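Okay, here's what each chain looks like letter by letter:
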Amino acid sequence: MNARTRVAVIGTGAGGAPLLARLAQAGVQVTALEAGLRHPPHGVATDEVAQAGLFWMDERLSAGNDPLAFGRNNSGRGVGGSTLHYTAYTPRAQPDDLRLHSEFGQGVDWPLEYADLERYYDEIEPFLGVSGPSTYPWGPPRRQPYRHPPLPLNGAAELMARGCDALGLRTSPAANAALSRPQTQEGYGERPACSNRGFCQAGCSTGAKASLDVTYLALAEHHGARILDGSYVTGFRRDGDRVTGVEYLRYGEQHLLEADIVVLSAGAVETPRMLLMHDLANSSGQVGRNFMAHTGVQVWGQFPESVRPNRGIPGSLISEDTHRVPGLVGGYLLQSIGVMPVTYATQYTRGTGTWGAALHEHMAGYNHVAGINILGDCLPYDHNYLELSDEHDAWGLPKPRVHFTFGDNERRMTQHAEDLMRRIWEAAGATGIWAFPRAAHTIGTARMGTDPQSSVVDPYGRAHDLQNLWISDNSTFPSALSANPALTIMALSLRTADRLLHHMNRGEA
Ligand SMILES: Cc1cc2nc3c(=O)[nH]c(=O)nc-3n(C[C@H](O)[C@H](O)[C@H](O)COP(=O)(O)OP(=O)(O)OC[C@H]3O[C@@H](n4cnc5c(N)ncnc54)[C@H](O)[C@@H]3O)c2cc1C
Ligand code: SF4
């Protein structure tokens, strides 16, 4: 079946959803194609295993010295993308995050200023209902307080605060895209306050968490956007320097959606994979290059007192005192971790190789463990990239292979952070401590920039090579930032939408 739309958006995560809403609100005919299904809050089970459908479980191949774990660790699939299961930590990037090259002579600068993001942060936070502290110790002073006060600290956060106090490190309740007070959401209705059940990473069954299905996508549909779930994009139609349509499979049938403008928001693995498969926007040879993942080492402590790590908003407490560390390029932030039991058991097994009876014995102490992790900057390197492999998936398409090896800066950052977190847990009274080195998030692969030789899209997300192809997702980040990415992806999404509207109004789209 063939259909036509003014704008087709592929993917409905943090990159696709805000743009979809902005265009729909402006009266633009817009259609989203989303490979995953709808997972409304009332259908979400308080069951980690049953919730596997929120993740992109098609195989992705990993190579390099620090091969990345995908699936449940690094992916999302559904109407709302990864935000269906994200932890909802929403710190802002800091201005100097955008200027690594100017500050250190390494990495790259972003082709935009902090002020370009700040106006969108100011808009997005109250819309999502971010709960956070009225004064935040790091970064530029906020121009307005958070709409809602912070959520209560969970067990790990209270212990982390104790350890950090003893070491003289400042902490603050974190900003979370989850409601500490009820909020009415246009297009959705009443969202209740968070009940602290702690299952954010398995999906929120109440709508308290600001996943995009209950926020920007509800707004988009309220204003007339069409969202076709279960629609897997398999190809593109092209005419010269324009994309003219998108081919997709829905319920086993092939369809064509003709479009004047196409926005790719499929995330930093599927977006470059599609561009490479269909030879789009790659005259620079930069598609798939500069793959980045945050350094994310976790340190866990065993405590005599009950922690009950599955209770409360998982990301409660933050410290950005390590935003700059002498001798490192960039820096990291520290975050307390709440964790569900199956996730914890899986990570413990991966981190320590413990298994069988010994794992059972360890899990008997689950109620007494607390974790801290870091979110550390990662430089772009030539040796980290995504390519198409010669293995094919169930759709007959080449599987993506991601090469990833931490550089010297990330290794030293990880070591610095592990040492510090061990000291925090010692100061908090832990009786046993262990570390789990890991990387988090998929970033880069279709970098934004002003130079078409070294970047894939311009600073607003428009492909240098194709007039009517735009990218709005985690793949356009020139550097990783020392902050969780979702809020910044959303800010860029609205910025791209505003630029697109500007072009449309001038008849240039
Ligand atoms: C467990 C976990 C916890 C996290 N916690 C946080 C957090 O606390 N704070 C934070 O800021 N970030 C967090 N993140 C990261 C954050 O969720 C992601 O960085 C962000 O949501 C990515 O947005 P995106 O739009 O780039 O991609 P995605 O959210 O991955 O969206 C891409 C969408 O495109 C669809 N798609 C892909 N290919 C196709 C195709 N061929 N056809 C049709 N549709 C397609 C996918 O199904 C998906 O829904 C977390 C991630 C994980 C895995
Ligand atoms: S902790 Fe709050 S936001 Fe997270 S799943 Fe539970 S109710 Fe939803």
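Parameters at a glance
- Here the residue numbering is sequential within each chain, running from 1 through the sequence in written order.
- The lettering of chains begins at A and the numbering of ligands begins at 1, in the order of writing.
- Residues qualify for local features only when their pLDDT is at least 70, as the model is predicted, and side-chain atom pairs are given and counted only at 80 or more; totals for whole chains, interfaces and linings, by contrast, use all residues.
- The side-chain numbers reported here are obtained from all heavy atoms of the structure, hydrogens and water having been left aside.
- Summary of the distance rule: residues count as near a molecule or strand when at least one heavy atom falls within 4 Å of that molecule or strand.
- Classification convention: Asp, Glu, Lys, Arg as charged; Ala, Val, Leu, Ile, Met, Phe, Trp, Tyr, Cys, Pro as nonpolar; all other residues, Gly among them, as polar.
- Throughout this description, the term salt bridge denotes a Lys or Arg side-chain nitrogen within 4 Å of a carboxyl oxygen of Asp or Glu.
- Only DSSP runs of H or I with at least four residues qualify as helices, and only runs of E with at least two residues qualify as strands; both kinds are numbered from the N terminus onward.
- To sort residues, take the accessible area from a 1.4 Å probe on protein chains only and compare it with the maximum for the residue type: under 20% means buried, over 50% means exposed, and anything in between is partly exposed.
- In the analysis that follows, any N or O atom pair within 3.5 Å is treated as a polar contact, provided that within protein one partner can donate a hydrogen and the other can accept it, and provided that, for residues neighboring in sequence, both atoms belong to side chains.
- The Shrake-Rupley method, run with a 1.4 Å probe sphere, supplies the accessible areas, and residue values consider only the shown protein chains as cover.
- UniProt positions are given in the numbering used here, feature names are shortened, and annotations may be inferred rather than shown by experiment.
- By this rule the span expected of a helix is its residue count minus one, scaled by 1.5 Å.
- Pairs of residues are marked as contacts when any of their non-hydrogen atoms sit within 4.5 Å.
- Paired rings are identified among Phe, Tyr and Trp, the last through its six-membered ring, by centres lying within 6.5 Å, and are further divided according to the angle between planes into stacked (under 30 degrees), edge-to-face (over 60) and tilted (the rest).
- Here, a charge over a ring is recorded when the distance from Lys NZ or Arg CZ to the ring centre is within 6 Å and its angle to the ring normal is within 35 degrees.

(A) Quick peek at the site of ligand 2. Lining the immediate environment of ligand 2, one finds Ala178, Cys194, Ser195, Asn196, Arg197, Gly198, Phe199, Cys200, Cys204, Thr206 and Lys209. Counted by class, the shell around ligand 2 contains five nonpolar, four polar and two charged residues.

(B) Representation of the pattern of salt bridges in the model. Tallied over the entire structure, the rule returns 28 salt bridges. The partner of glutamate 221 in a salt bridge is arginine 38, and the shortest N-O contact between them spans 2.8 Å. Of the two residues, glutamate 221 sits in helix H5 (residues 216–222) while arginine 38 sits in the loop between strand E2 (30–33) and strand E3 (61–63), which places them 183 residues apart along the sequence. The exposure class of glutamate 221 is partly exposed, given its relative accessible area of 33%. On the accessibility criterion, arginine 38 (37% relative accessible area) is partly exposed.

(C) The arrangement of the site of ligand 1 in detail. Every one of the 37 residues lining ligand 1 counts as a neighbour, but Gly15, Glu34, Ser82, Tyr89 and Ala486 are closest to it. In this structure, a nitrogen atom belonging to ligand 1 sits 3.0 Å away from a main-chain N or O atom of alanine 35. Between ligand 1 and the protein, one listed contact pairs an oxygen atom with a backbone N or O atom of alanine 486 at 2.7 Å. Burial of ligand 1 by the protein chains amounts to 94% of its free accessible area of 1,000 Å². Considered class by class, the residues forming the shell around ligand 1 number 15 nonpolar, 18 polar and four charged.

(D) Expanded view of the UniProt feature "domain: Glucose-methanol-choline oxidoreductase C-terminal" (unreviewed entry) in the protein chain. Annotation from UniProt places "domain: Glucose-methanol-choline oxidoreductase C-terminal" (unreviewed entry) at residues 380–492. As annotated, residues 380–492 comprises 25% helix and 24% strand, and the C-alpha atoms at either end are separated by 20 Å.

(E) Region of interest: helix H3 (residues 114–128). For H3, which comprises 15 residues, the first-to-last C-alpha distance of 20 Å matches the rise-based estimate of 21 Å (1.5 Å per residue) to within 8%. Residues of H3 that are buried include every one of Tyr114, Leu117, Glu118, Tyr120, Tyr121, Asp122, Ile124, Glu125, Phe127 and Leu128, and no others. Against helix H1 (17–25), strand E5 (183–185), strand E6 (189–191), H5 and helix H10 (486–505) lie the buried residues of H3. Where H3 ends, the next residue or the one after it, glycine 129, has phi of about 80 degrees, a positive value.

(F) Main features of the side chain of histidine 503. Considering the arrangement of structural elements, one finds histidine 503 in helix H10. Using a relative accessible area of 9% as the deciding quantity, one classes histidine 503 as buried. Among the polar contacts listed, one links the side chain of histidine 503 to the side chain of arginine 462, at a separation of 3.3 Å. Each residue touching histidine 503, except ones within four places of it in the same chain, is listed here: Arg462, Trp470, Glu508 and Ala509.

(G) Looking closely at the packing of aromatic side chains. Inspection of the entire model under this criterion finds 15 aromatic pairs. Measuring from centroid to centroid gives 5.1 Å for phenylalanine 404 and phenylalanine 406, while their planes differ by 80 degrees, and the two rings are edge-to-face. The class of phenylalanine 404 is buried, set by a relative accessible area of 1%. For phenylalanine 406, a relative accessible area of 13% corresponds to the buried category. Joined through ring pairs, the aromatic side chains of Trp300, Tyr344, Tyr348, Tyr366 and Trp434 make up one cluster. Directly above the ring of tryptophan 56 sits arginine 77, whose terminal nitrogen or CZ lies 3.9 Å from the centroid. Above the ring of tyrosine 460, the side-chain terminus of arginine 499 is found at 4.0 Å from the ring centroid.

(H) View of the UniProt feature "domain: Glucose-methanol-choline oxidoreductase N-terminal" (unreviewed entry) in the protein chain. When the UniProt feature table is mapped to this numbering, "domain: Glucose-methanol-choline oxidoreductase N-terminal" (unreviewed entry) covers residues 75–295. In this annotation, residues 75–295 is assigned 23% helix and 20% strand; the end-to-end C-alpha distance for the span is 17 Å.

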